[in-house]
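Chain residues, written in single-letter form:
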Amino acid sequence: MSETLLSIAESIHSGAVSAQSLATEALAKAEEFQEFNAFISLDPEGALADALRVDQAIAAGDTPGRLAGVPLAIKDNINVQDLRTTAGTAGIDFVPSTSAPIISRLKSEGAVIIGKTNMHELAFGVTSNNAAFGTVHNPIDPMCIPGGSSGGTAAAIAAGIVPGGLGTDTAGSVRVPAALTGLAGFRPTRSLVDQTGIVPSVPTFDVAGPLAQTVSDAALLYAVMTGKAAAKQRPVTDIRIGLPTSYFENLSPGVCSAVEQALHQVERAGAILKDIDITPISTASFEVGFPIGFHEMKTAMTGFLAQYQPGTSLEEIVERIAGKDVKDVYTDAVLGDGAPSPADYKDAVIRMTEIRRDYLEMLATNQLDILAFPTTPLEAPPIEGAEETVLLNGEAVPTLPTFMRNVASTGVCDAPGLTLPLKRTGGSALPTGLEIDGRPGEDVELLGIGIGIETLLAEA
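My aim in this report is to walk through the structure given alongside it, one point at a time.

What counts as what
Residues numbered from 1 in each chain as written. Predicted model: local features only at pLDDT ≥ 70, side-chain atom pairs only at ≥ 80, totals over all residues. Heavy atoms only, no water. Helix = DSSP H or I, 4+ residues; strand = E, 2+ residues; numbered from the N terminus. Rg over C-alpha atoms; globule rule 2.2 N^0.38 Å. Buried < 20%, exposed > 50% of the residue type's maximum accessible area, 1.4 Å probe, protein only. Contact = heavy atoms within 4.5 Å. Pairing = 2+ DSSP bridges. Axes fitted to C-alpha atoms, helices over the stretch in contact; angles between N-to-C directions. Core = buried A, V, L, I, M, F, W, Y, C linked by side-chain atoms within 4.5 Å. Arc of directions from axis to C-beta. Polar contact = N/O pair within 3.5 Å; in protein donor to acceptor, adjacent residues only side chain to side chain. Phe/Tyr/Trp six-rings, centres within 6.5 Å; stacked < 30°, edge-to-face > 60°. Salt bridge = Lys/Arg side-chain N within 4 Å of Asp/Glu carboxyl O. Parallel < 35°, antiparallel > 145°, perpendicular 65-115°, else oblique. Nonpolar A, V, L, I, M, F, W, Y, C, P; charged D, E, K, R; others polar.

**Examining the overall build of the protein chain**
Summing up its helical and strand segments, the protein chain has 15 helices and 15 strands in all. A compact globule built from 460 residues would reach a C-alpha radius of gyration of about 23 Å, and the protein chain, at 21 Å, matches this within 12%. Its C-alpha atoms give the protein chain principal-axis dimensions of about 60 × 55 × 40 Å. Buried residues in the protein chain amount to 59% of all 460 residues. A sequence separation of at least 24 residues applies to 76% of the contacts in the protein chain between residues at least 6 apart.

Set out below in structure tokens:
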């Protein structure tokens, strides 16, 4: 399914293709590409029933919506009515009676959900090497990771099974897999997206966001899932862009080349680039992110279980965690002696408020519209050995902090962040991404700039 989400919707609206045939094709491809392990569960019966309703509406002359008949994949920590939710772990397994509101919005516009996607267990990790449901493979190179934690959604789109889908992003979980599989991925401003019906990780930072082949497609999904206005392309000629210098350090040759080439094209088109030092903000973001995260991973999940899986304690969930990396974090830093105290949490929240103020002041002082930087410092590494370390320029570095390095502070600052796929350069067979971050609440504006950059890069 190489067509974009936009072109597919237009084909269905025009009657050139039926929603049922597209749903059937997507389900068949999901079975054909099982080796990528993108899905935890498929829903042939529900998808075909929804597709039939779209076809019947079109036949009756009705307008079935902007996503009429478009097949989508949804990360398995987002509730979809009558489909099991697992969050990628054995201890969570329930069938919700209602969908998350963002899912209801998609379906009200005619979207056809074919299944729930695999992910890093409990959304805590960047490899999507899931010990409970199996490893997700990167369709660009099946020996490599797809990124995480929304790796299954990214793999489903990159494999051409569906043209788009949803993931969740706490500290890069939409943007990292999008970058490593050659997709666009958008982390919205937290307050603009309804999080009801989504298995929580860290509610202060968690937000659902779209992944798609293009920024334009991701923008359409965002508009539907939030009810916001559709983004309109903004030319890059008058944009002031800040380049956080620390985010450009120690990059792989392929990432460095691709990002430099893209920024050179943007500058030639008239954008103004300015180096800035964001180190105080990014350092402070890591310092407050973990105490806030580990505290809320306990309190939020406890409340969620009471509502959706009563009778199951967080301790029972942790006992059944299959992945050592995730289990160690929950055992030690969430439930154990390493857990932050209430005072630690309170202090971190106060500092976070200061960081958010500093972020806005930095943009204002430098008269910046956006920041731009490499989404990840390297391309997708091999699956084998990636759970703990990866090689970056010949040196073994820790996997999680390396891939979080440039993207984690976006959530702490409550900023929207968009990663755009870049052309592969220097002989690299693996994709990479350019991220742009904007002001909190200005999601539509950021997406408009992203469409402008996407259009510019496509013309080169």
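**Description of the sheet that holds strand β14 (residues 417-421)**
An order of β1-β3-β2-β6-β8-β7-β14-β15-β11-β9-β10 is seen for the 11 strands of this open sheet, with the pairing classed as mixed. Among the strands making up the open sheet, the edge pair consists of β1 (39-42) and β10 (272-276). Within this sheet the neighbouring strands show an average axis-to-axis angle of 25°, counted without direction. Here β1 pairs with strand β3 (residues 112-117) via three bridges, running antiparallel.

**What about the nonpolar core?**
Where a protein is soluble and globular, its nonpolar side chains tend to be buried together. Within the largest apolar cluster, 86 residues are counted, with the highest numbers of intra-cluster contacts made by I78, I102, I103, L106 and I436. Excluding its chain neighbours within four sequence positions, the residues that come into contact with I103 are I74, I78, N79, V80, I113 and L166. Core analysis: the second largest hydrophobic core is formed by 41 residues, L122, V288, Y330 and C413 among them.

**Some points on helix α11 (residues 324-334)**
V326, V329, Y330, A333 and V334 are the residues of α11 that are buried. Along the axis of α11, the buried positions cluster into a sector of 110°, meaning they face one direction only. Those residues of α11 that are buried are in contact with α9 (279-308) and α10 (314-319).

**Some thoughts on the environment of R187**
As for its position among the elements, R187 is in strand β7 (residues 184-187). Judged by its relative accessible area of 0%, R187 is buried. The spacing of R187 and T410 is 223 residues in sequence and 8.7 Å in space, taken between C-alpha atoms. Contact partners of R187, with chain neighbours within four places excluded, come to D169, T170, R175, F205, V207, T410, G411, A415, P416 and G417. At 2.7 Å, the side chain of R187 and the backbone oxygen of F205 are in polar contact.

**Some remarks on the packing of aromatic side chains**
Scanning all chains against the criterion turns up eight aromatic pairs. Considering the side-chain rings of Y247 and F373, the 4.9 Å spacing of their centres and the 70° angle between planes classify their relative orientation as edge-to-face. With Y247 in the loop between β9 (240-244) and α8 (253-268) and F373 in strand β11 (residues 370-374), the pair connects residues that are 126 residues apart, well separated along the chain. Side by side, Y247 and F373 carry an identical accessibility label, which is buried. Clustering of aromatic rings is evident, with ring pairs tying together F94, F304 and Y308.

**Here we look at the pattern of salt bridges**
Inspection of every chain in the model, using the stated rule, returns 14 salt bridges. Between E109 and R66 there is a salt bridge, with the nearest N and O atoms lying 3.3 Å from each other. Separated by 43 residues along the polypeptide, E109 in the loop between α4 (101-108) and β3 and R66 in the loop between α3 (44-59) and β2 (71-75) bring together distant segments of the chain. We note a salt bridge from D76 to K116, for which the minimum N-O separation is 2.8 Å. Of this pair, D76 sits in the loop between β2 and α4 while K116 sits in strand β3; the two residues are 40 residues apart in sequence, bridging distant segments of the chain. Look at D76 and you get buried, because its relative accessible area is 0%. Overlapping salt bridges, with partners in common, bring together D169, R175, R187 and E435 in one network.

**Brief notes about the pairing of strand β13 (residues 395-398)**
As paired strands, strand β12 (residues 389-392) and β13 are joined by four bridges and run antiparallel to one another. Across the sheet, the residue bridging to V390 is V397, located in β13. Linking β12 to β13, which pair antiparallel, is a turn of two residues; within it N393 sits at a positive phi near 55°.

**Things to note about the packing of α9 against α11**
When two helices pack together, you describe them by how their axes are tilted relative to each other and by the distance separating the axes. At their nearest, the axes of α9 and α11 sit 10 Å apart, and the two run at 95° to each other. Relative to α11, the element α9 lies roughly perpendicular. The residues of α11 that touch α9, namely those facing F294, M297 and K298, are V329, Y330, A333 and V334. Residues that form the contact of α9 with α11 fall into these classes: six nonpolar, no polar and one charged.

**Here we look at the side chain of R175**
Here R175 shows up in helix α6 (residues 175-181). A polar contact is formed between the side chain of R175 and the side chain of E435, at a distance of 2.8 Å. Among all residues touching R175, those that are not within four sequence positions of it are D169, G185, R187, T375, V407, T410, G417, T419 and E435.

**Concerning the side chain of D414**
Position of D414 among the secondary structure elements: in the loop between α14 (408-412) and β14. A distance of 3.3 Å separates a polar atom in the side chain of D414 from the backbone nitrogen of R190.

**Here's the deal with the environment of L456**
Secondary-structure assignment places L456 in helix α15 (residues 443-459). Look at L456 and you get buried, because its relative accessible area is 17%. Taking the C-alpha atoms as reference, L456 lies 8.6 Å from P235; in sequence the two are 221 residues apart. Ignoring sequence-local partners within four residues, the contact set of L456 consists of V236, Q265, V266 and A269.

That is the geometry; function is a separate question.
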